[in-house]
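So the chains spell out like this:
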Protein chains: 2
Amino acid sequence: MFQLTPSIRLRRTPFSNRVEQAGATAFTVYNHMRLASFYESPEADYRHLKTAVQVWDVSVERQVEVIGPDALRLVQMTTPRDMSRMQDDQCYYIPMVDTDGKLMNDPVAIRLNQDRYWLSLADSDMLLYCKGLAAAGKLDVEVFEPDVSPLAIQGPKADELVARVFGEDVVKTRFFRHTTINFEGQDMILARSGWSHQGGFELYLDGSEYGEAVWDALFAAGEDLDVRAGCPNLIERIEAGLLSFGSDVTYAHTPFEAGLTKYCNLETVQGFLGRDALMKSKDPVRQIRALSVEGDPVPPINHPWPLLDTSGSVVGHISSSTWSPDFETNVTIAMVNRTHWDSGTKLTAKIPDRERTATVRSGFWI
Amino acid sequence: MFQLTPSIRLRRTPFSNRVEQAGATAFTVYNHMRLASFYESPEADYRHLKTAVQVWDVSVERQVEVIGPDALRLVQMTTPRDMSRMQDDQCYYIPMVDTDGKLMNDPVAIRLNQDRYWLSLADSDMLLYCKGLAAAGKLDVEVFEPDVSPLAIQGPKADELVARVFGEDVVKTRFFRHTTINFEGQDMILARSGWSHQGGFELYLDGSEYGEAVWDALFAAGEDLDVRAGCPNLIERIEAGLLSFGSDVTYAHTPFEAGLTKYCNLETVQGFLGRDALMKSKDPVRQIRALSVEGDPVPPINHPWPLLDTSGSVVGHISSSTWSPDFETNVTIAMVNRTHWDSGTKLTAKIPDRERTATVRSGFWI
């Protein structure tokens with residue numbers, strides 16, 4: 001295990017003090033900020049996430065605000081998802097795709113009104129792509145990073161906790177819709193969303209100065225719910241098939257390879273700059289698959305593990321894998337060639353400790 | 001001290017195995033890759049850098065390749081530095097500036113020929129800004145990240161070491177010029193440059209597969225020169241006034257505030273998109289300064305430390321500070337308001353352990 005050197009360049013979040021007080025000691029770096037990897041342990045956090053409620057500092061989902069008469073036009077330039085019918089209270093998961101048809105990010109887009117959007121980023125500086133489009137396209141928009149930091153409330157008791165802190169009405173918010181709450185006089189967006197399959201919300205903290213007060217209010221109100229600090233959980237997100245941009249899918253992949261076909265509205269979308277390229281890549285020769293890897297828990301992964309066929313040829317790569325206590329297997333995400341991606345196909349996974357059998361599944365676990 | 005969790009998203013470099021074998025255990029994350037913070041200790045590394053020669057894995061200086069008939073036009077859109085007279089063997093330090101006149105990065109640009117440039121990035125994904133310009137501006141260029149990873153050879157014995165490995169002729173290369181060397185049949189760019197004030201070179205490793213062989217060749221040839229693995233050294237780079245993008249200067253600052261006036265050729269530059277904005281910010285009200293902070297060694301910095309005037313008003317912020325064994329003071333970089341930036345001005349630095357006197361200097365140390 002390596003140490004992470006303190007640096008002003010790795011920006012603190014509005015919740016960093018609380019995260020440290022809650023005992024996080026292992027972090028990754030994401031969008032130039034620290035993101036906790038676990039609190040008690042990945043396994044203990046996982047069990048708690050599935051039974052109670054957690055508060056996650058996901059400020060690393062940095063926001064890009066696009067505002068102005070050309071805001072919709074700019075956002076649509078970046079994504080094959082048809083944004084034209086999006087409503088003011090909607091959240092859209094949008095693959096962002098370049099002119100070669102390759103992924104650059106996969107944020108959740110929030111529509112605040114027809115001329116104002118937030119993009120809640122995965123790990124790449126899409127602020128800069130949007131600024132480049134605005135500058136060279138002479139678009140009538142402002143593009144900037146607002147002082148907005150998401151705080152996720154996740155788990156089966158999330159509804160109860162947000163109702164206590166933000167009012168009973170907020171639990172009527174439907175999945176991937178957002179509402180406005182008021183905290184100490186400040187309006188903020190609350191969306192039913194989050195990077196787990198356990199249900200919950202993301203509060204778009206609007207003003208860093210409210211961060212610790214919001215955190216404290218959630219913990220004060222949720223004591224009997226066993227509310228704890230948490231973070232995206234490696235085990236649970238693989239079970240749920242939540243892809244990690246930069247790990248499972250990268251700049252090298254198309255949205256079709258990523259299995260994001262349903263977010264590619266190539267027949268109706270107008271103004272998306274990667275449309276011609278994507279039209280040619282609709283029929284991918286490799287794609288994301290769920291696999292079970294046999295045996296005892298695999299070691300941590302820090303480089304892609306090859307998948308071999310019976311002749312020893314490389315037919316794919318594992319990008320995420322860990323032991324699932326609930327499913328008693330190594331839940332795994334891989335990019336697999338079409339020739340070997342059918343459910344039930346058995347492959348050999350070259351894992352540093354030893355070779356193991358990996359079986360392609362028809363879908364994820366939860 | 002926090003742990004850095006292993007992740008496939010934090011990409012390995014062509015030299016990662018060698019870096020780990022050389023004993024690095026503390027890292028930062030920079031452009032989605034790990035960068036060693038020190039090997040023996042910051043102080044021991046510093047002494048060795050100033051007396052011998054070090055090999056640094058600076059693959060984190062990710063490259064953006066811009067190639068095609070509009071390559072010069074695209075690069076010029078991003079920077080106030082006049083690129084029109086750049087020669088094919090030149091390296092230019094270029095502030096990259098948006099349409100609001102704010103910094104986005106400060107890479108070294110390498111001109112390979114009139115239609116082909118590499119940008120050796122600081123810590124932001126400028127690949128995406130360049131792609132945005134190309135896409136919306138319909139420029140006739142390709143923009144991508146090539147498989148090129150810089151390896152720095154730094155220190156007073158760097159000339160001797162590169163002469164032994166790459167031939168006597170390469171030491172004739174002038175400062176911020178580059179030449180082509182051949183390693184095992186592969187041509188690669190070698191520039192006299194690097195993020196220290198001790199002299200040396202940066203090899204633009206062209207092909208990850210050559211990484212360990214190049215590393216090993218340098219260590220085999222330099223044994224009697226006491227060659228060691230190293231990395232950018234916090235103490236030495238502050239003494240030399242080498243600014244860290246993301247720490248000392250950020251998206252919030254103009255190049256004038258960063259003290260980069262000499263790289264802003266606003267009278268002659270043609271096609272730079274931020275020109276109008278920069279024309280209005282030529283007279284900054286705050287600017288980078290070197291300061292000495294009194295007393296024993298300061299603690300590590302992970303957030304800006306305020307600088308106060310005698311009335312207690314905040315008149316600046318410290319971004320980098322550490323103890324210098326050679327100058328026997330805490331060498332410090334800060335952004336200071338014009339009212340208090342004159343050499344000799346005494347300010348109060350609010351450092352977490354206690355308040356200390358900080359004195360503005362006329363320049364950096366080396």
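Residues numbered from 1 in each chain as written. Chains lettered and ligands numbered in written order. Predicted model: local features only at pLDDT ≥ 70, side-chain atom pairs only at ≥ 80, totals over all residues.

Trainee: I'd like a description of the relation of the copies chain A and chain B, backed by residues and values.
Mentor: A rotation about some axis, followed by a shift along it, carries one copy of the chain onto the other. By a simple turn and slide, chain A fits onto chain B: the slide is 0.0 Å along the axis, the RMSD is 0.0 Å, and the turn is 180°. Taken together, the rotation angle and the small translation identify this as a two-fold axis. The residues that chain A uses at the interface reappear at the interface of chain B in 100% of cases, marking a shared surface. (Least-squares fit on C-alpha atoms with pLDDT ≥ 70 in both. Contact = placed C-beta atoms within 7 Å.)

Trainee: Go over the interface of chain A and chain B, please, and point to the residues and values.
Mentor: Each partner contributes to the interface: chain A provides 44 residues, whereas chain B provides 44 residues. Contributing elements (two or more residues each) for the side of chain A that touches chain B: β1 (2-4), β2 (26-30) and α4 (126-136) of chain A. Of the residues in the side of chain A that touches chain B, the class split is 21 nonpolar, 17 polar and six charged. One ladder, built from two bridges, connects β1(A) with strand β2 (residues 26-30) of chain B; its direction is parallel. Residue A:Leu4 lies in a different strand from β2(B), and its bridge partner there is B:Phe27. (Helix = DSSP H or I, 4+ residues; strand = E, 2+ residues; numbered from the N terminus. Nonpolar A, V, L, I, M, F, W, Y, C, P; charged D, E, K, R; others polar. Pairing = 2+ DSSP bridges.)

Trainee: Quick one: what's the story with helix α5 (residues 158-166) of chain B, residue by residue and with numbers?
Mentor: All names here are of chain B. Ala158, Leu161, Val162 and Phe166 are the residues of α5 that are buried. In a view along the axis of α5, the buried residues occupy a sector of 100°, so they form one face of it. Elements that come into contact with the buried residues of α5 comprise β12 (148-154), β13 (178-183), β14 (186-191), β15 (200-206) and α6 (211-221). Trailing α5 by a residue or two, Gly167 shows a phi angle of about 105°, which is positive. (Buried ≥ 20, exposed ≤ 12 C-beta atoms within 10 Å, placed from the backbone. Arc of directions from axis to C-beta.)

Trainee: Requested: an account of the packing of helix α3 (residues 71-78) of chain B against helix α4 (residues 126-136) of chain B, with residues and values cited.
Mentor: Residues and elements named next belong to chain B. Close contact between α3 and α4 brings their axes to 10 Å; oriented N to C, the two are set at 120°. Taken together, α3 and α4 sit at an angle that is classed as oblique. For the pair α3 and α4, the crossing hand works out as right-handed. Contact residues: Leu74, Met77 and Thr78 in α3; Tyr129, Cys130, Leu133 and Ala134 in α4. Considering only residue class, the contact of α3 with α4 consists of six nonpolar, one polar and no charged. (Axes fitted to C-alpha atoms, helices over the stretch in contact; angles between N-to-C directions. Parallel < 35°, antiparallel > 145°, perpendicular 65-115°, else oblique. Left-handed = near helix turned anticlockwise from the far one by under 90°.)

Function cannot be inferred from these measures alone, as they are strictly geometric.
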